[in-house]
Structures are given as structure tokens and as C-alpha cells.
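# Tertiary structure, described
Read off the chains here:
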Amino acid sequence: MKTKIIKNRQKFFWLSLSLLFIFIFNSINAQEIPVVVPGILKDRTQSPYFFVHSENPETDRMPLKETNARVHIAGVIADIHIRQVYKNTGTNTLEAIYVFPASTRAAVYAMKMKIGEREIIAVIQEREAARRNYEQAKANGQTVSLLEQERPNVFTMNVANILPGDIIEVELRYTELLVPESGIYEFVYPTVVGPRYNSGGENHSAENWIENPYLQEGESSNYTFDIEVQLAAGLPLQFVQCNSHNVSIDYKGKKKALISLKDGNNFQGDRDFILQYRLTGAKIESGLLLFEGEEENFFLAMIQPPKHVTPEIIPPREYIFIVDVSGSMYGFPLNVSKKLMKDLLGGLKQGDVFNILLFAGGSQLYSEKSVNASEENINEAMSFIDKQSGGGGTELLPALKRGMSLNSTEGISRSFVIVTDGYVSVEKEAFEYISDNLGKANFFPFGIGSSVNRHLIEGMAHVGRGEAFVVTDENEAFAIAEKFRKYVSQPVLTNIEISFIGFETYDMQPANTPDVFAERPVIVFGKWKGKAEGSIKLSGYAGESRYFKILKVEESKPEESNLALKYLWAREKVRLLDDFIHVSHSHEELIKEVSYIGLKYNLLTQYTSFIALDSEIRNSSGNYTSVKQPLPLPQGVSNYAVGGVYSRTSRKLGYAPGKSSNNVVYELEDASIDHEPDENGMPESIGMIEKMPEFKGGMKALEAFLKKNLRNVAEELNGFVYVEFLVDVDGSVKEIKIIRGLSTEANEEAMRLIRLTNKMWNPGKINGKATEVQMMIPVKF
């Protein structure tokens, strides 16, 4: 019956019921519980939640069993082959949904699905058409897989009709360009998507990928992870290192190496895999790569800029530090931020001025106006930061707006330094706001942690004409702070112009080259016609000196091995067209252009998807259970990242601590609910509330039961535990999950009470359908 019940989610109008249980955990009197008010919640914001292990053996709720990557690096181009293995160990047919990351510049160009010995090659289709075909095949009982892009670095794999005992493999391939900085090459393979804070709004109300289950902090994942890198540098290697993972490095001569994971028993798929290497003599692979196709020819020019020269006189600057102290930053990430801020503030010069804006669900300003970078002010500012412990939502956009509204110091250039893990869903809104305010400042974002949202960090730097940094632990903080000081003192190359002499080119990406802050090559993709001859000239200013560099085209020959240039050019075109444009600007012409590129070059984009469809009808009953694969929390990220947390620190950021009274009855007919409490401790708006009939057993019986069984949890926190469960057609509770939580202890207490109510108090039948019930538990410890 359960398979049929779950399928009813697709067929019937899905009621969302909300019970508001207001518990006051108080060390003096934990037995006083206010009135319980029921209601129907029509709309709510998608949010991550904690996975709850089910004792039902019929449904395998963790169908992903293995994910591995095989990476081939040849020169400056990496080709990545990802294999995902799904196995159904239950008795119900499954639809598996898995959200996973990739590089921000990944050009995904191929996918296939294997069912036993049969192999189905995926085709690229417009996103809406692919989704329709997927849903139709799923309803027909055909096994089908669908790959969709949610963000340039976040994808969703959907695999439908996985029969009991099935082993289904899905493989995808992408390529990316490796660009050295200061002579060091870096390859990053993200392994897990961190939980995103969804502030709601018109453009984010239906982002289902954000509403994904997560395992508790420290809980082992059920699937295995492996990665192997075959490195063929083209020139002799000076060193190869991987500080993020425990690896073995086997050198295959002077120019090649094989890198693989050690200690396969320990799960290492909860953080970015970061591989670095340097060529002998700090050389880099610069020059020209050519590919000659049947219809189009492609080129990639990598032109080395001059060495960075620090000017003798560095004018004073104003620095506005915008620092994330939300729940996802609790613990390790915030400790890294504090160390970074100490190094950044300690490097300010005499004459510099600064200010600090902390943000979570609200924001707090260090000073009404920027202050001099004196030792006294810096010490006071560090004390201000050190008091933070992390808690609450991640309202990045209001923080940016408040920071930009601060009066600037006259006659001094301003830089914004944004310190965050990037676990938000408002990337394009942030890009648009920064783009609209160019000229007022440039932006230098710092990503903090083991698995940051690099799309946000790199995007803010791109549109803010600054430079992006990622700090994975405290040991890196000082070196990266030094790098920032060097970059901000003066760009390596400005007023860059690229000209083509005797070499017929078109469709260059980018059309205009921005200033270069770091010692990395200037990159230009494009197409060419005619003969591969002539030259490419780079000119610009290094400080006050004129700089020139020339590449002779004849010295490079077209090679079939450079086929990846086609995909890299197309991905760069899409990146500049769509990655940083707010959804309100995505007019039909833009969608058509990006879709055309995706379809022509077999490329995954926001508007094109891969679908692999088996022709055989394997599930004739049409019944299936849809499950979302639970993800591990990124290494160092605490449970506070999943759900709103309101700590003592959070009160300083604009939150009102929860208040209650035994005599207060909250009327929810016209009220609405949000993540933050109002002045009375009640939530504010997610959606309208309406009355509903009482459940079987009665509110008084439930209240008496909770009063009797409630335990005191000894913690110094205020906040909400949001619990959701599924009421089956017979009125019993079938599934439970934490939507938003507090500490592990508080979450476990909420879950224990709900499980007890399932035994002691039956919610009763609701319109004869399986129904989703939510309980929002504001708690004060």
C-alpha cells in the first residue's frame, strides 16, 4: 500500500497542514506549556532539513551507493568522468533524486545510463521538453534518467523506475580549463552541496532542489566516494600536493603522476578535493591551442602577464568588511573567519580606514562611520568579532544593501570584503545589486570552509571587478590575507587590449578583457577562419609602464586532441551570457540564445538538459516511491546550518528572543509564518494560515501528553524546531523529518516527542489522503 500512497502525492492536491506547538523549555518550570493552535499552511519556503532514518524495509531511502570520478589532465585541460551507482535494496520501485556539485566552469557535454548490460546514450533537449519526456516515461513505467542544472555549479540527477534489486549506473562527462596563478595550477573537484538558506521571494519559492535532506553533523554517509587523477603536465613537474584529502602520489616519470585516495574506509566525499601542482622553474603552459572542425574552428590563447610589482607609494583605502555569522558559520567556519579577519585587519596601513558589518538574519554595524586603522580600533574590532558564535539565517542581500548605504570617506577608494560560506540561494540577485553599484566600490569575496558556494564567491568578484579567494582552514588565512593585500595594492595589468594581425577571428569570449589582479594568464576563447597564421598581440599597463606580448600563430598547429576547445568556448559564452544575469533580465531572446548554444554544442545549461530513456516498460504497475538522497554536511559545518538558530549572539543582530505566556492564545487565521520570531516570539510570514478541524484525540489530550513527557534541554539558545511528518490514509504517522533545527540535543528531543505522539496520540484521517503535517516548535532553553 505504501507505494500507492506515496504516488498519490503526484495525483492529488497536496495539503500542507501546520500544527504550532509552542514549548517553553525553562530550567525553573518546564511544565508550563501554552495553547496549541492548528492551521493549514498553504505556502512555504523550500528549506533543507534533517534526514530521519525509517524503520520501513520496503523503501530504500538511500539509493545512491557509489560515486566516483576519474580525472585526466592533459596540459591545461581537465576531462572529468563521473560515475554514480544506484541500487534499490527495498521492495518498492523508486525514483531517486540526487543533488550534487561540480566546478563553476564545468562544460558538461555527455551522459549515459547503464541497466545491466544495456547502455542508453543521453540526448540534449530543451529543459521543459526534457522534463515532460521524463515525467511521461516515469508514468509509463520506463527507466529514465534526467540531468538538470540548478546553478552553474549545482546539478540534479533524477532516475525513475529503479526496480527492486536493480543496479543502475549513470555516467556523465565534463571538461574545464586549468589556469595557473603565480605558477601554481589548481584542480578543484567539489563533492557535496552545502545546505542553502532560502530567503523566499518570487524567484525562489519553487526551487525544490534546496529542500533536500541532510545527515546530522558527523553522521556517516551510506554511499562511497572515490577519485583518481591522471596528470600529464606536458612539462616537468616540480611538485604535486593535495592538502584537502589523504592521497598517494605515484610519479610516472618527470611529467606525469597518478593521484589516488588513501584509506578508502574513511569517507572523504564531504569536502572539496583540491589538487595543486607546479611545473619546474615555475613555468606555465602559455601559448595558443587550435582545433579545426568540420564546420567551425576554435582557438584558446593563454598570454602570460608581467610579474606583480608593488608600487612604492600605496594610497590609503577604505575597507568595508561584511562578515557572515549565520548558523552555517557556527564553529569551524567562523573560527577560520576570525583568524582571517585578524590577519586582514592587522595588515591595514596607516591612513586606511575600515568598518565591519556582521550579518545573519539581521545585521550589526561596528561603527556608524569608518574608523582609522589604529591599533586601538583594530583590537576593539577584533573583540567585536570574537564575541560572535554563529546562528540564524543568511540574509546576504540586505547586508550588501546596508553596507553600500554607508557614507564613504571622501577622497579614498573603497573596497568591500565579503566573508561567507555562500550558502544562499540569491546569487543572481547579489550579482545584479553589485553590478548596479559599480563605480562606488570593487568587491573581494572570501569563501570560508571546506565546500563553499564557489559560484557566489567567483560571481561577486566577476561582477564586482575584484578577485575571489577561498580559505579552507585557519592555516591558510595569513597567506591569503597577504595575497589580498598584494592584489588590492595595484593590479598586475590594466587597460588590456588584444589585437589579431593576419589571423581572422570572430566570436571572442570575453569581448573585453578586465584588469588582471593576480599573476595568471590572460585567457581568450574564439573561432577562426582561413589559415592558422599571423599573430596575437596583448598590450596594457603594468603600473605606469606599457606592456606588450605577442604570440605567433604559425608556431601552433591544429590538433584533434583539442576537441575540448569546442565545449570550453560554448561554456564560456554561456557563462558570460547567463551565469551572472538576474532572472528578471532573462528575456526570451537570451533563453533562446543559451538554449541554441546548449543544443548545438551538446552542452548542459540552465535551459537544456540531458535525458537517457530506456524503451522497455519495466514498471507496469505505475507505482513508485520518490526519495531524495540525503547528503552529508560539509566537513566542519555544524547542524546549525540546517534550520534557523537564535543564540545569544543572534539577539544582537536584530532578533527578538521568544516570549510566551500560558494565558496567550495566538490567533493564526490571518497571521503568517517566517523563520524569524516577532516581538511576541511568534513567527512572521511564509504563507496564510486557515483553521482546520481538530485531529482525533483532541488538543487537550496532546497538550497533557507533551506536558507530561517534555524533558528540559540544558542549552542557552532561543529558536524554533520545525518538524514535518506524513500522516497516512489510516491516520497514523508514517514519515518524520526536521525541516529546520537547533542543536542536536534539541532536535532529538523534538523527534522523540513526535515519535511518542505517534504511539499515544493518533492524528486521525485527513480527507482520506496521505497528508503532510508540519509542527513548528519555538523553544527557549
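Just above, that's the structure.
This report concerns the structure included in the present document. Remember, it's a predicted structure, so these values are computed and weren't measured experimentally. (Residues numbered from 1 in each chain as written. Predicted model: local features only at pLDDT ≥ 70, side-chain atom pairs only at ≥ 80, totals over all residues. Heavy atoms only, no water.)

### Things to note about the sheet that holds strand β5 (residues 77-87)
The strands making up a sheet are joined through hydrogen bonds of the backbone, oriented either antiparallel or parallel. Spatial ordering of the open sheet is given by β8-β7-β12-β5-β4-β15-β18-β17, a layout of 8 strands whose pairing is mixed. Edge positions in the sheet fall to β8 (118-121) and β17 (247-251), since each has one partner strand and no second. Neighbour-to-neighbour, the strand axes of this sheet turn through a mean angle of 15°, independent of strand direction. Where strand β4 (residues 64-74) meets strand β15 (residues 224-232), 9 bridges bridge the pair, whose relative direction is parallel. Counterpart to Ala 69 in the pairing with β15 is Ile 227. (Pairing = 2+ DSSP bridges. Helix = DSSP H or I, 4+ residues; strand = E, 2+ residues; numbered from the N terminus. Axes fitted to C-alpha atoms, helices over the stretch in contact; angles between N-to-C directions.)

### Details of the pairing of β4
Bridging between β4 and β5 involves 10 bridges; their strand directions are antiparallel. Each residue of the ladder has a partner; that of Asn 68, found in β5, is Arg 83. Counting the residues in the hairpin turn of β4 and β5 gives 2 residues, including Gly 75, whose phi is positive at 65°.

### Description of the sheet that holds strand β9 (residues 123-126)
As summarised here, the arrangement of the 6 strands in space is β9-β34-β10-β11-β6-β35, forming an open sheet in which the pairing is mixed. Of all the strands in the sheet, just β9 and β35 (625-628) have a single pairing partner and so form its edges. Taken pair by pair, the neighbouring strands of this sheet meet at an average axis angle of 25°, ignoring direction. Docked against the sheet, helix α10 (residues 588-600) engages β9 and β34 (608-617), running at close to 165° with respect to β9. (Contact = heavy atoms within 4.5 Å.)

### Focus: the environment of Pro 306
As for its placement among the helices and strands, Pro 306 is situated in the loop between β21 (297-303) and β22 (317-324). Between the C-alpha atom of Pro 306 and that of Tyr 547, which follows or precedes it by 241 residues, the distance is 7.8 Å. Excluding residues that lie within four positions of it along the chain, Pro 306 makes contacts with Val 492, Leu 493, Glu 519, Ala 542 and Tyr 547.

### So, the nonpolar core
Ranked by size, the top nonpolar core spans 93 residues in total, and within it Leu 147, Phe 187, Tyr 189 and Phe 273 carry the most contacts. Considering each element in turn, this core owes the most residues, 7 residues, to helix α9 (residues 564-579). Dropping the residues within four chain positions of it, Phe 187 is found in contact with Val 71, Ile 73, Ala 78, Ile 80, Glu 176, Leu 178, Phe 273, Ile 274 and Leu 275. Listed in part, the 39 residues of the second largest apolar core include Val 325, Ala 381, Phe 444 and Ile 480. (Core = buried A, V, L, I, M, F, W, Y, C linked by side-chain atoms within 4.5 Å. Buried < 20%, exposed > 50% of the residue type's maximum accessible area, 1.4 Å probe, protein only.)

### Considering helix α6 (residues 427-436)
The buried count for α6 comes to 8 of 10 residues, which makes it a mostly enclosed element. Every buried residue of α6 is accounted for by Glu 427, Lys 428, Glu 429, Ala 430, Phe 431, Glu 432, Tyr 433 and Ile 434. For α6, the secondary structure elements touched by its buried residues are β10 (142-151), α5 (396-404), β27 (442-448), α7 (454-463) and α9.

### Thoughts on the packing of aromatic side chains
Under the criterion given, the structure shown has 26 aromatic pairs. A ring pair is formed by Tyr 319 and Phe 484, whose centres lie 6.1 Å apart and whose planes are at 65°; its orientation type is edge-to-face. Taken together, the positions of Tyr 319 in strand β22 and Phe 484 in helix α8 (residues 477-489) put the pair 165 residues apart, joining distant regions of the chain. Here the two residues Tyr 319 and Phe 484 agree in accessibility, since each one is buried. One residue, Lys 527, lies across the ring of Trp 569, its end atom 4.1 Å from the ring centre. The positively charged end of Lys 529 is found above the aromatic ring belonging to Tyr 506, 5.0 Å away from the centroid. (Phe/Tyr/Trp six-rings, centres within 6.5 Å; stacked < 30°, edge-to-face > 60°. Lys NZ or Arg CZ within 6 Å of the ring centre and 35° of its normal.)

### Side note on the packing of α6 against α7
Where α6 contacts α7, the axes come no closer than 9 Å and their chain directions differ by 15°. Viewed along their axes, α6 and α7 adopt a mutual orientation that is roughly parallel. For the crossing formed where α6 meets α7, the hand is right-handed. When α6 is examined against α7, the residues Glu 427, Ala 430, Phe 431 and Ile 434 are found in contact with a partner set consisting of His 455, Leu 456, Gly 459, Met 460 and Val 463. Looking at the contact of α6 with α7, its residues break down into 6 nonpolar, 2 polar and 1 charged. (Parallel < 35°, antiparallel > 145°, perpendicular 65-115°, else oblique. Left-handed = near helix turned anticlockwise from the far one by under 90°. Nonpolar A, V, L, I, M, F, W, Y, C, P; charged D, E, K, R; others polar.)

### Comments concerning the side chain of Thr 156
Note that Thr 156 resides in strand β11 (residues 154-162). Thr 156 gets classed as buried once you look at its relative accessible area, which sits at 5%. A distance of 2.9 Å separates a polar atom in the side chain of Thr 156 from a polar atom in the side chain of Glu 150. Those residues in contact with Thr 156, other than ones at most four positions away along the chain, are Ile 97, Tyr 98, Val 99, Phe 100, Leu 146, Leu 147, Glu 148, Glu 150 and Trp 209. (Polar contact = N/O pair within 3.5 Å; in protein donor to acceptor, adjacent residues only side chain to side chain.)

### Overview of the pattern of salt bridges
Counted by the stated rule, this structure contains 36 salt bridges. Asp 343 serves as the salt-bridge partner of Lys 339, at 2.7 Å between the closest nitrogen and oxygen. Here Asp 343 and Lys 339 lie together in helix α3 (residues 332-346), a separation of 4 residues that amounts to about one turn. Residue classification places Lys 339 among the partly exposed residues on the basis of a relative accessible area of 28%. (Salt bridge = Lys/Arg side-chain N within 4 Å of Asp/Glu carboxyl O.)

### Brief notes about the packing of α5 against α6
Running from N to C, α5 and α6 cross one another at 10°; their axes reach a closest spacing of 10 Å. Compared by their axis directions, α5 and α6 come out roughly parallel. Where α5 abuts α6, its residues Leu 396, Leu 397, Leu 400, Lys 401 and Met 404 lie against Glu 429, Ala 430, Tyr 433 and Ile 434. A breakdown of the residues in the contact of α5 with α6 according to their chemical character gives 7 nonpolar, no polar and 2 charged.

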